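Next come the chains, spelled out residue by residue.
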Amino acid sequence: QRRPEVSGRELKPTPAFSVPGPGLVHIAMTLDAHYLRGSMAAIYSLLKHASCPESLFFRFLATDGGTAPGVGELRSALAASFPSLRFEIYSFRADAITGLISASVRAALEAPLNYARNYLADLLPKCVPRAIYLNSDVLAVDDVRRLWETRLPAAAVVAAPEYCHANFSRYFTDAFWSDPDLGARVFAGRRRAPCYFNTGVMVIDLRCWRSGNYCHRVEQWMELQKEKRIYELWSLPPFLPLFAGEVEVVDHRWNQHGLGGDNILGSCRPLHKGPVSLMHWSGKGKPWDRLDAGRPCPLRVRRNDEDGQLVK
């Protein structure tokens, strides 16, 4: 299958006024109609807990055209809710990725916009050195600059919390592990043993991403997945074979994920034990859907008397 041509110019020209200044924290998120309430709540929480809200620059990715709200409508909604928000919206061409998307257990995971994170380095201005990528189903309860200041050594392209207690092998199929050209050979020579990490919260070195041609490398794994099913989490695992074992580790407090339950039932789940800086409703049970259905899931947290941080 021929790989679709994807470039920054094809996806969207860079607006002149989006050239960043020093000291900015660049936060990348997707925008669409169904997740808009989640995005608005996430933006509000990030601004509320920021030590300097004016330093946050939001870079939103959105598909334009079809029946979904266009970029202009989304821009108006953001400006009406946050008149002083510093942001730009970048159009993502859904047809540039549709042919590479594999079938999923949940329709939302097949949405082209779910893969837009792969193309951040093409979409954002070349003068943006790094970005925090956040899913739209998160809430911050801490100053995001602390995450922004994560050290990224030369050997690391991505920083994220790792979950080494999870059974890493189950994220890939038997076909992957039994293939002599795949399996353990993929992870040989990594800095550490490979562990699962969630791509809903990442710090990405965009310059290293571009120089390493990671956009194309992610697409190669997606093409292989179309040929023979080798992994199970659809939008996530193209990052796993590339970065597992090479991720710069971030404290778990920055991705208290799984609050949306699994991908089938979306059952209520509690927070993990420990400090909380960012809550993530990964899974089927999004909080706005639960509120609409009259079945919200309460979360119990308390503030630590010693440092004022939220803890489970």
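Fair warning: this is a prediction, and the values are worked out from it, not measured in the lab. (Residues numbered from 1 in each chain as written. Predicted model: local features only at pLDDT ≥ 70, side-chain atom pairs only at ≥ 80, totals over all residues. Heavy atoms only, no water.)

Q: How would you sum up the sheet that holds strand 4 (residues 130–134)? Please name residues and give values.
A: With respect to topology, 7 strands assemble into an open sheet ordered 3-2-1-4-9-6-10, the strand pairing being mixed. Each edge of the open sheet carries a strand with a single partner, namely strand 3 (86–91) and strand 10 (248–249). Direction of pairing for strand 1 (residues 25–30) relative to strand 4: parallel, over a ladder of 2 bridges. From the neighbouring strand, Ala28 faces strand 4, where its bridge partner is Tyr133. In the packing of helix 2 (residues 36–49) onto the sheet, contacts are made with strand 1, strand 2 (56–62) and strand 4, and the angle to strand 2 comes to roughly 165 degrees. Together, strand 2 and strand 3 form the strand contacts of helix 3 (residues 71–81), whose direction differs from that of strand 3 by roughly 165 degrees. (Pairing = 2+ DSSP bridges. Helix = DSSP H or I, 4+ residues; strand = E, 2+ residues; numbered from the N terminus. Contact = heavy atoms within 4.5 Å. Axes fitted to C-alpha atoms, helices over the stretch in contact; angles between N-to-C directions.)

Q: Give me the layout of surface pockets: which residues, what numbers.
A: Approximately 190 Å³ is the volume attributed to the second largest pocket. The element contributing the most residues to the lining of the second largest pocket is helix 8 (residues 214–227), with 4 residues. (1 Å grid on protein atoms, 1.4 Å probe; cavity = no way out; pocket = protein on both sides within 12 Å on 5 of 7 lines; lining within 4 Å. Points joined across faces, edges and corners; volume = space filled by probe spheres on them.)

Q: Mind laying out the environment of Leu182, listing which residues take part and the relevant values?
A: Tracing the backbone through its elements, the reader meets Leu182 in the loop between helix 6 (174–178) and strand 8 (196–197). The class of Leu182 is buried, set by a relative accessible area of 9%. With residues up to four places along the chain from it excluded, the contact list for Leu182 reads Phe176, Trp221, Leu224, Lys228 and Ile230. (Buried < 20%, exposed > 50% of the residue type's maximum accessible area, 1.4 Å probe, protein only.)

Q: Please set out the state of the cysteines residue by residue, giving values where relevant.
A: Joining two cysteines, a disulfide is a covalent bond between their sulfur atoms. Summed over all chains, the structure comprises 2 disulfides. At a sulfur-sulfur separation of 2.0 Å, the disulfide partner of Cys164 is Cys195. Measuring handedness by torsion sign, the sulfur bridge of Cys164 and Cys195 sits at about 105 degrees and is right-handed. With Cys164 in the loop between strand 7 (162–163) and helix 6 and Cys195 in the loop between helix 6 and strand 8, this pair connects stretches of sequence that are 31 residues apart. If the cysteines joined by disulfides in the chain are listed in sequence order, their pairing comes out as 1-2, 3-4. (Disulfide = S-S within 2.5 Å.)

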